[in-house]
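Residue-level structural notes
Below are the chains, spelled out letter by letter.
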Amino acid sequence: MPLRSAGAPGGLPGPFWWLWGGTLVTSAGGFVVPFMAIYLTTVRGYSVFFTGVTLTTFGVGSGIASLFGGILADRVGRRTVLLASEVLTVAGMLGLGLAHGRVPVLLFTLTVGVGLNATRPARAAAVADLVAPQDLPRAYSLIYWATNLGFSMAAVTAGLAASHGFLLLFLVNALANLLAGVMVYLRVPETRPPPESAGVTDAAGAQRPPHRAPGFPVLLGSVLMLGLLFQQPLVALPLTMTGDGLSAADYGAAMMMNGLVIAVLQLPLTRLAGRLRPEHALAVATLVTGLGMGLTAAVHGTVGYGATVVLWSLGEIVVWPTCMALVAALSPPDRQGGYQGWFLSVWSVSVALAPVLSARVIEASGTTAVWGACLCLAVVCAGCHLLLARLRGERRAEAVPGERASATHS
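Bear in mind the structure is a predicted one, so any value in this text is a computation, not a measurement.

1. Some words on the overall build of the protein
The number of helices and strands found in the protein is 13 helices and 0 strands. The helix and strand sequence of the protein, counted from the amino end, reads α-α-α-α-α-α-α-α-α-α-α-α-α. A fraction of 83% describes how many contacts in the protein between residues 6 or more apart in sequence connect residues 24 or more apart. On the protein, roughly 18,400 Å² of surface is accessible, and the fraction owed to carbon and sulfur atoms is 70%.

Written as structure tokens, this is what we have:
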């Protein structure tokens, strides 16, 4: 059962706010990853190829951690995984800042990738344990807001810190993760429900694995497509704008609108989306995203591209937290971590596939084709979300007679 705290800020339990605070701290102190390529090439003098291998190693560690971090959160506990991941991150950051030689750099980069990402499914599962179902979209939205707010702060302050030496970046990043670990240790209890509290999810009394949970494969399919969509501002948009005669500074100005929209409108828009069924809110947000990206093929100038960024950013605000809330709704109580891990792993796969697929489309047909494909993908995704609403509705309808029969026999 969700744990509730009377009088807690915003109606959410106290331990949630400590998780939220830890997210803000680690995001604001996340200096290293955005500067990894610069650090490896300019400070350490490694080749562009080795830098690419190192970043790929980080991605591999991230993908592994997303899946197995969730599984471990179900087996050994959310709190245990959260603490272990922060310890791994601190060790990896310090080691990477002091490492010399290719092998140590790769090993510590892998450690950082695992540490930073194992915490994500464990935190998502803990939030699902702590917060009542009707409040989950708002709770995940607050986590997402803290992540983006912290990242914006890090982008500004990391550049200033780097002027005093890159080792300072690693030290501050390690300190941020250490502080987040202390917050979990002191203020966040273990939230994993005992096995006997887990819901029975099929007629035989056995729990379904993720691939057999009603509607979950449909959600994962839509997540794969959504990941492809949301990578295009990083992959296709800069090529589109430079091809239109604009500069890198113009691209930065347009993308700045994304951070501003999230910072200002995340919370009010989440409250507005909360009036709809999660699947319907997700379908609307996906269509808004697709419209914004589709219009990118028709606009010109920094203002025009900035307007499309604002449009798809409105969709982004709703998509990520609503997806996490739906994963929580589809998960048995004691398998929240594993389901969130599958969700994050599929998202990671889409992030890895997006640059390759986009490059092939651009080489064959130009950037306009990419934005047309984004609009088509968004329509298909919205259809998946409406299908999910129907599947969940049928599931609830099947459950009602059983509940009534149980009540009659009692």
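Additional details are given in the paragraphs that follow.
2. Things to note about the side chain of Ser-141
If you trace the backbone, Ser-141 turns up in helix α6 (residues 136-162). A distance of 2.6 Å separates the side chain of Ser-141 from the side chain of Thr-270, its partner in a polar contact. With residues up to four places along the chain from it excluded, the contact list for Ser-141 reads Gln-266, Thr-270 and Pro-321.

3. Remarks on the pattern of salt bridges
Side-chain pairs of opposite charge can arise whenever the charged atoms involved come near each other. Summed over the entire model, instances satisfying the criterion amount to 5 salt bridges. With its nearest N and O atoms 2.7 Å apart, the salt bridge here joins Asp-129 to Arg-78. One end of the pair, Asp-129, is in helix α5 (residues 102-130); the other, Arg-78, is in helix α4 (residues 78-98), and 51 residues separate them in sequence. Owing to a relative accessible area of 8%, Asp-129 belongs among the buried residues under this scheme. In this structure, Glu-279 and Arg-277 form a salt bridge, with 3.0 Å as the shortest nitrogen-oxygen distance.

4. Here's the deal with the nonpolar core
Core analysis: the biggest nonpolar cluster contains 75 residues, and Phe-16 and Tyr-140 have the highest contact counts within it. Sorting elements by how many residues they give to this core places helix α11 (residues 301-330) first, with 14 residues. Residue contacts for Phe-16: discarding those within four places in its chain leaves Val-127, Leu-130, Val-131, Ala-139, Leu-142 and Ile-143.

5. Remarks on the packing of aromatic side chains
For the coordinates displayed, the defined rule picks out 11 aromatic pairs. With centroids separated by 6.4 Å and ring planes inclined at 25°, the aromatic side chains of Phe-230 and Trp-347 adopt a geometry described as stacked. In this pair, Phe-230 sits in helix α8 (residues 216-243) while Trp-347 sits in helix α12 (residues 336-365), placing the two residues 117 residues apart along the sequence. This pair shows no difference in class: Phe-230 is buried, exactly as Trp-347 is. Judged by centre distance (5.3 Å) and plane angle (45°), the rings of Trp-320 and Phe-343 are tilted. Of this pair, Trp-320 sits in helix α11 while Phe-343 sits in helix α12, placing them 23 residues apart in sequence. Pair check on accessibility: Trp-320 and Phe-343 agree, each one buried.

6. Some points on the side chain of Thr-23
Examined against the element boundaries, Thr-23 turns out to sit in helix α1 (residues 14-28). Taking relative accessible area as the criterion, Thr-23 reaches 2% and is therefore assigned buried. A distance of 2.9 Å separates the side chain of Thr-23 from the backbone oxygen of Leu-19, its partner in a polar contact. In this structure, Thr-23 is in contact with Arg-123, Ile-143, Ala-146 and Thr-147, ignoring residues within four places of it in sequence.

7. As for the confidence of the model for the protein
Scored by pLDDT, the protein has a mean of 86; 88% of the residues are at 70 or more. In the predicted structure, residues 1-7 sits below a pLDDT of 50 and forms 16 contacts with residues beyond four places in sequence or in another chain. Across residues 401-410, confidence stays below pLDDT 50; counting only partners more than four residues off in sequence or on other chains, it has 0 contacts.

8. What to know about a nonpolar patch on the surface
A surface patch of nonpolar side chains, about 620 Å² in accessible area, is lined by Leu-175, Leu-178, Leu-179, Val-182, Tyr-185 and Leu-186. For Tyr-185, the location among the structural elements is in helix α7 (residues 166-187). With a relative accessible area of 54%, Tyr-185 lands in the exposed category.

9. Here we look at the packing of α8 against helix α9 (residues 248-273)
For any two helices packed against each other, the geometry comes down to the angle between their axes and how far apart the axes lie. Close contact between α8 and α9 brings their axes to 10 Å; oriented N to C, the two are set at 135°. One way to sum up the angle between α8 and α9 is to call them oblique. Once α8 is placed against α9, the crossing between them reads as right-handed. Across the interface between the two elements, Pro-233, Leu-234, Leu-237, Pro-238 and Met-241 of α8 pack against Asp-250, Tyr-251, Ala-254 and Met-255 of α9. Its residues placed into classes, the contact of α8 with α9 shows 8 nonpolar, no polar and 1 charged.

10. Some details on the environment of Ala-263
Relative to the helices and strands, Ala-263 is located in helix α9. For Ala-263, a relative accessible area of 37% translates into the label partly exposed. Sequence spacing of Ala-263 and Ser-152 is 111 residues, and the spatial spacing of their C-alpha atoms is 9.3 Å.

11. Brief notes about α9
Within α9, the axis deviates most sharply at Leu-265, by approximately 60°, and proline Pro-268 lies no more than four positions further along. Residues of α9 that are buried include every one of Tyr-251, Ala-254, Met-255, Asn-258, Val-261, Ile-262, Gln-266, Thr-270 and Ala-273, and no others.

Thresholds, definitions, all that
- Residues numbered from 1 in each chain as written.
- Predicted model: local features only at pLDDT ≥ 70, side-chain atom pairs only at ≥ 80, totals over all residues.
- Heavy atoms only, no water.
- Helix = DSSP H or I, 4+ residues; strand = E, 2+ residues; numbered from the N terminus.
- Contact = heavy atoms within 4.5 Å.
- Areas by Shrake-Rupley, 256 points an atom, 1.4 Å probe, with all protein chains shown as cover.
- Polar contact = N/O pair within 3.5 Å; in protein donor to acceptor, adjacent residues only side chain to side chain.
- Salt bridge = Lys/Arg side-chain N within 4 Å of Asp/Glu carboxyl O.
- Buried < 20%, exposed > 50% of the residue type's maximum accessible area, 1.4 Å probe, protein only.
- Core = buried A, V, L, I, M, F, W, Y, C linked by side-chain atoms within 4.5 Å.
- Phe/Tyr/Trp six-rings, centres within 6.5 Å; stacked < 30°, edge-to-face > 60°.
- pLDDT = per-residue confidence, 0-100.
- Patch = residues over 30% accessible without salt bridge, like charges linked within 9 Å, V, L, I, M, F, W, Y side chains within 5 Å.
- Axes fitted to C-alpha atoms, helices over the stretch in contact; angles between N-to-C directions.
- Parallel < 35°, antiparallel > 145°, perpendicular 65-115°, else oblique.
- Left-handed = near helix turned anticlockwise from the far one by under 90°.
- Nonpolar A, V, L, I, M, F, W, Y, C, P; charged D, E, K, R; others polar.
- Bend = angle between axes of the 7 residues up to and from the residue.

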